[in-house]
Amino acid sequence: IDESAPSRTLAGRTLDALAEYIKSGKAKKVVVMTGAGISTSAGIPDFRSPDTGLYANLARLNLPYAEAVFDISYFRKNPEPFYTLAHELYPGKYRPTITHSFIRLLHDKGMLLKHFTQNIDCLDREAGVPGDKIVEAHGSFARQSCIECSMPYPEDEIKKHIEAKSIPRCESCKGLVKPEIVFFGEQLPADFFKHRMLPAEADLVIVLGTSLTVQPFASLPSMIREHTPRLLINKERVGGIGSGSDDVLLIGDCDAGVRQLAEACGWLDELESLWAQT
Ligand code: APR
């Protein structure tokens, strides 16, 4: 038996055991991994929830299959469906949720090592999480460029097109312009690969609102060292989390789950007032 490896980090797989671990000051390098589930209460649909998910509601776009709306080869032939959707999803209309404020609170307490997100809504930035603490694994609407010659495209121009549901074209080569969100068939940003080993340094990993179905993001939890506490707050069990001796599960709504954890840590008032200012 390797005496150096911590035999058990949590005294049980309960929320109180996790809160004790956090209050003891042992959680200094927290890695958070999130997906669309943390933005649904802001009014942005997730992708795969039955009935309410985006992929269940794209019939009006006459797609060959739902994920085509984010497929680069389909976009090249037919950019209209994406730009119809972009009109609905474009950032600026949505308020961060209390879950986004919880991630900001971890940063304020000097505990956040990195927030890996699959979301393109930038709500974590708007909640005050610093950019250098965020890895936007699937890009974001923050920048846009030509998919042929990579020429950057002005933000005010693309906003006009998205507002009018028209298709922006590159001013130099007339190629299609696309926000720098990662489409199926495209590479993830270098920033993801630069930081993808970070979960191995974590002393607590919190997974929030994701089905963990899309690679390579879904491989992040497998980087976690054995006996590092893992907390899953999600409407359903995912990623095999819950079977480990140091796993804690809060199966249900993530806003309710972060409030439960904050309360167990004695942070609830601080969290509520932080969110109230957002
Ligand atoms: N509270 C907790 N969990 C929630 C909530 C909520 N309010 N709403 C949804 N969920 C859960 C769902 O049960 C599901 O497990 O969040 C998860 C959302 O999963 P997806 O819809 O698959 O979203 P995500 O995991 O972010 O998708 C990954 O797929 O289409 C690509 O690029 C796209 O980044 C996206 C990627």
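Values in this document were obtained by computation on a predicted structure and should not be read as measured data.

A.B. asks: How should I be thinking about the pattern of salt bridges in this particular structure?
C.D. replies: This model, assessed by the stated rule, comprises 13 salt bridges. Residue K159 pairs with E155 through a salt bridge whose shortest N-O separation is 3.1 Å. Remark: E155 and K159 occur in helix 6 (residues 155-164); sequence separation between them is four residues, near one turn of the helix. Owing to a relative accessible area of 40%, K159 belongs among the partly exposed residues under this scheme. Two residues, E272 and R259, come together in a salt bridge whose shortest N-O distance is 2.7 Å.

A.B. asks: So what exactly am I meant to see when it comes to the side chain of D71 here?
C.D. replies: Along the chain, the position of D71 falls in the loop between strand 1 (30-34) and helix 2 (72-77). Summary of buried charges: D71 has no salt-bridge partner, and the nearest side chain of opposite charge, K77, is 6.6 Å away. A polar atom in the side chain of D71 sits 3.1 Å from the backbone nitrogen of Y74. Those residues in contact with D71 that sit more than four places away from it in its chain are Y65, F183 and F184.

The rules behind these values
- Residues numbered from 1 in each chain as written.
- Predicted model: local features only at pLDDT ≥ 70, side-chain atom pairs only at ≥ 80, totals over all residues.
- Heavy atoms only, no water.
- Salt bridge = Lys/Arg side-chain N within 4 Å of Asp/Glu carboxyl O.
- Helix = DSSP H or I, 4+ residues; strand = E, 2+ residues; numbered from the N terminus.
- Buried < 20%, exposed > 50% of the residue type's maximum accessible area, 1.4 Å probe, protein only.
- Lys, Arg positive; Asp, Glu negative; His and termini not counted.
- Polar contact = N/O pair within 3.5 Å; in protein donor to acceptor, adjacent residues only side chain to side chain.
- Contact = heavy atoms within 4.5 Å.

Interpretation note: all reported values are geometric properties and have no functional meaning in isolation.
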